[in-house]
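One-letter residues, chain by chain:
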Amino acid sequence: MFDGSTEHDRVVTFRATVAGEEVVDVRADAVRNRESLVRAAGSVLAESGLDVPVAAIADRAGVAKGTVFRHFASKDELVVTVVAGLIDDLAVRAEALLAEPDALSALRAFVAAGVELQARDLAFCQMAATAEQQVPGLTDRRRRLEQIADLLVRRAQDAGAVRADLTGRDVVGLMTAAYQGACATGDPSRWPYFLSLLVDGLRPEAP
């Protein structure tokens, strides 16, 4: 997926002189086209889910269908790229919450962010409800998310706010359980109620 170019190569528009005229480097154009395609795919997948046809993604991006396959070997590769970005964003959010003084509020905010992401992004929700951790390109990202969740959990455990047997992997899995529980009632918008039940269940057992 990576071609060995540096970060500078990827984000800077290069210019060269050909026959006395300044032209934009093809690599920079290709990078911009790929980024635009990923943004369009993210929007369409969030709205319509994993079954959306490639043609719909190409239409949203304003390119021909063949352009999609010049940047991605398959639709699956494009989907993984989009979902990987969502997991990365959630991990960044989780890391920021490590600085929150209230450990339980931080853990609650992390779980809420994961459930809310499923509520607003159908493709992410569908991936989370299956075995996305087994998908090449997502396994390491999920593991990183679980590791950060572990840190949030340990802070809450040290504060006596959550069960001693809770793990970061449990928390990441419970995000999906909360949203799927709401969906099972026929009213996905009830996910905040299920989130509250989930968080209450994390508290230490009464002596």
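Numbering of residues starts from 1 in every chain and runs along the sequence as written. For a predicted model such as this one, the threshold for reporting local features is a pLDDT of at least 70, and the threshold for listing and counting side-chain atom pairs is 80 or more; totals across whole chains, interfaces and linings nevertheless cover every residue. To obtain the side-chain values, all non-hydrogen atoms of the structure were included, while hydrogens and water were left out.

1. Some points on the overall build of the protein chain
Here's step 1: Helix and strand counts for the protein chain come out as 10 helices and 2 strands.
Here's step 2: To qualify as a helix, a DSSP run of H or I must reach at least 4 residues; to qualify as a strand, a run of E must reach at least 2; elements of each kind are numbered from the N terminus. Secondary structure elements of the protein chain, listed N to C terminal, follow the sequence α-β-β-α-α-α-α-α-α-α-α-α.
Here's step 3: Looking at the protein chain as a whole, 38% of its 207 residues are labelled buried.
Here's step 4: Residues count as neighbours in contact if any of their non-hydrogen atoms are within 4.5 Å of one another. Partitioning the intrachain contacts of the protein chain with sequence separation of at least 6 by distance along the chain shows that 61% fall at a separation of at least 24.
Here's step 5: For the accessible areas, the method is Shrake-Rupley and the probe is 1.4 Å, while residue cover comes only from the protein chains on display. For the protein chain, the exposed surface amounts to about 11400 Å²; the carbon and sulfur share of it is 52%. Using a 1.4 Å probe on the protein chains alone, a residue whose accessible area is under 20% of its type maximum counts as buried, one over 50% counts as exposed, and one in between counts as partly exposed.

2. Describing the packing of aromatic side chains
Here's step 1: Aromatic pairing here means that ring centres of Phe, Tyr or Trp (its six-membered ring) are within 6.5 Å. Orientation follows from the plane angle: under 30 degrees is stacked, over 60 is edge-to-face, and everything else is tilted. Taken as a whole and judged by the stated rule, the model has 1 aromatic pair.
Here's step 2: Centroid distance Tyr-193 to Phe-194: 5.5 Å. Interplanar angle 85 degrees. Geometry classified as edge-to-face.
Here's step 3: Judged by its relative accessible area of 42%, Tyr-193 falls in the partly exposed class.

3. What to know about the confidence of the model for the protein chain
Here's step 1: Per residue, pLDDT measures the predictor's confidence, with a range of 0 to 100. Here the protein chain averages 83 in pLDDT, and 85% of its residues register 70 or above.
Here's step 2: Across residues 1-25 the pLDDT falls below 50, and counting only partners more than four positions away or on other chains, this stretch makes 27 contacts in the model.

4. Quick notes on the pattern of salt bridges
Here's step 1: By convention in these notes, a salt bridge is any Lys or Arg side-chain nitrogen within 4 Å of a carboxyl oxygen on Asp or Glu. This model, assessed by the stated rule, comprises 8 salt bridges.
Here's step 2: Between Arg-142 and Glu-146 there is a salt bridge whose closest N-O contact spans 3.1 Å. Of this pair, Arg-142 and Glu-146 are both found in helix α8 (residues 139-158), 4 residues apart, which corresponds to roughly one turn of the helix. Comparing Arg-142 with Glu-146 shows no difference in burial state: the two are buried.
Here's step 3: Here Arg-163 makes a salt bridge to Asp-165, at a shortest N to O gap of 2.9 Å.
Here's step 4: Owing to a relative accessible area of 27%, Arg-163 belongs among the partly exposed residues under this scheme.
Here's step 5: Where salt bridges share partners, they join Arg-142, Glu-146 and Arg-169 into one cluster.

5. Details of the nonpolar core
Here's step 1: Residues Leu-107, Phe-110, Val-115 and Val-162 are the most contacted members of the largest nonpolar core, which totals 60 residues.
Here's step 2: Elements that contribute at least two residues to this core include exactly α2 (26-48), α3 (54-61), α5 (75-97), α6 (103-120), α7 (122-129), α8, α9 (168-184) and α10 (191-202).
Here's step 3: In terms of residues, this core owes the most to one element, α5, which gives 12 residues.
Here's step 4: In contact with Phe-110, not counting residues within four places along its chain, are Leu-90, Ala-94, Leu-97, Leu-145, Ala-149, Leu-152, Val-171, Val-172 and Met-175. Throughout, nonpolar core names a set of buried Ala, Val, Leu, Ile, Met, Phe, Trp, Tyr and Cys residues whose side chains join them through atoms within 4.5 Å.

6. A short note on the environment of Arg-70
Here's step 1: With respect to the helices and strands, Arg-70 occurs in helix α4 (residues 65-71).
Here's step 2: Take Arg-70: its relative accessible area is 65%, and that puts it in the exposed class.
Here's step 3: Separated by 40 residues in sequence, Arg-70 and Ala-30 have C-alpha atoms that sit 9.7 Å apart.
Here's step 4: Pairs of N or O atoms are called polar contacts if they sit within 3.5 Å, as long as, within protein, a hydrogen donor faces a hydrogen acceptor (for residues adjacent in sequence, only side-chain-to-side-chain pairs). A polar contact is formed between the side chain of Arg-70 and the side chain of Thr-67, at a distance of 2.9 Å.

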